[in-house]
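Results of the structural survey
Chain residues, written in single-letter form:
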Amino acid sequence: MRFLLALMLAVIVVAGCDAKPAEDPTTAAKKFPTPDDPAIRKTAPETFQVKFATSAGDVVLEVHRPWAPIGVDRFYNLVVNGFYDDTRIFRVEPATAKYHVVQWGVSGDPAISREWFTATIRDDPVRQMNMEGLVSFAKSPTPHTRTTQIFVNLRDHPSLDMRGFAPIGKITQGLDILKGLTPTTPENDHLGRVPDQNKIAGVGNQYLDPNFPKLCRILTAKVIP
């Protein structure tokens, strides 16, 4: 009888090890669409507002599709699918810098960053000037290199117009919050460091949070009904 009971327990244990674990619905819900997913290719409304709930306070961005339709469609789809949730404002330039801006838009999840690193979109014609409070996509000097990163002009930058940075909207609430963030300069870090974008893309929040715990956190980014 003892032998039979032991055999039954062994069968149960083996069956449990071989069984495929059920997918955690919470984890499944957090999967972000790939760049070729239809869920990420919807047309944005002509005008809409996005509220960035941050650790420093709420920031509201009013977006205008006629200004830059390609960029606005990309931004809209990133927002509604949660790309900017739980990310960090990793670049805060001081007022004395050549470009007084704040910048964010690298995913806190390196797996998502790998998917979107080369997911570029074509440039829009520049229809608005890069004035204080206006928001544009970041890009390299090479044409058609916009992906997911955006920046806010904290003062007028007319030179960016000639370099092809097409604004997508303007900050209507919280510009003072962004201006009050501590600059990410070596002088403001006890080890003389600044956040490394390659490391952010490669490691995500696991790199930023222990090394730069004072960065402003974007908790959620949502379209305001």
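Residues numbered from 1 in each chain as written. Predicted model: local features only at pLDDT ≥ 70, side-chain atom pairs only at ≥ 80, totals over all residues. Heavy atoms only, no water.

Another aspect to go through is the overall build of the protein chain. A count of helices and strands for the protein chain gives eight helices and nine strands. Across the 225 residues that make up the protein chain, the buried fraction comes to 44%. When the accessible surface of the protein chain is split by element, carbon and sulfur atoms take 58% of a total near 12,400 Å². (Helix = DSSP H or I, 4+ residues; strand = E, 2+ residues; numbered from the N terminus. Buried < 20%, exposed > 50% of the residue type's maximum accessible area, 1.4 Å probe, protein only. Areas by Shrake-Rupley, 256 points an atom, 1.4 Å probe, with all protein chains shown as cover.)

Okay, the packing of aromatic side chains next. Throughout the structure, instances matching the rule amount to eleven aromatic pairs. For the ring pair Phe83 and Tyr84, a centre distance of 5.2 Å and an interplane angle of 85 degrees mean the geometry is edge-to-face. Note on accessibility: Phe83 and Tyr84 belong to one class, buried. Among the aromatic residues, those joined into a cluster by ring pairs are Phe32, Phe52, Phe75, Phe83, Tyr84, Trp104 and Trp116. A cation over an aromatic ring shows up here: Lys139 above the ring of Phe165, its NZ or CZ 5.1 Å from the ring centre. (Phe/Tyr/Trp six-rings, centres within 6.5 Å; stacked < 30°, edge-to-face > 60°. Lys NZ or Arg CZ within 6 Å of the ring centre and 35° of its normal.)

Once that is clear, we can look at the pattern of salt bridges. Inspection of every chain in the model, using the stated rule, returns ten salt bridges. Ionic pairing is found between Arg65 and Asp73, a salt bridge with its closest N-O pair at 2.7 Å. When its relative accessible area of 19% is taken as the criterion, Arg65 is described as buried. The class of Asp73 is buried, set by a relative accessible area of 16%. When the shortest N-O distance is used, the salt bridge between Arg193 and Asp189 registers 2.9 Å. (Salt bridge = Lys/Arg side-chain N within 4 Å of Asp/Glu carboxyl O.)

What follows is about the sheet that holds strand β5 (residues 101-104). Strand order in the open sheet formed by nine strands is β3-β9-β1-β2-β8-β6-β7-β5-β4, with antiparallel pairing between adjacent strands. Of all strands in the sheet, those with a lone pairing partner are β3 (87-88) and β4 (91-92), marking the two edges. Taken together, the three bridges between strand β6 (residues 134-137) and strand β7 (residues 150-153) define a ladder with antiparallel strand orientation. Among the inter-strand pairings, Phe137 is bridged to a residue of β7, identified as Ile150. Running over the sheet, helix α3 (residues 69-80) touches β1 (47-54), β2 (57-64), β6, β7, β8 (167-173) and β9 (217-223) and is turned about 45 degrees from β1. (Pairing = 2+ DSSP bridges. Contact = heavy atoms within 4.5 Å. Axes fitted to C-alpha atoms, helices over the stretch in contact; angles between N-to-C directions.)

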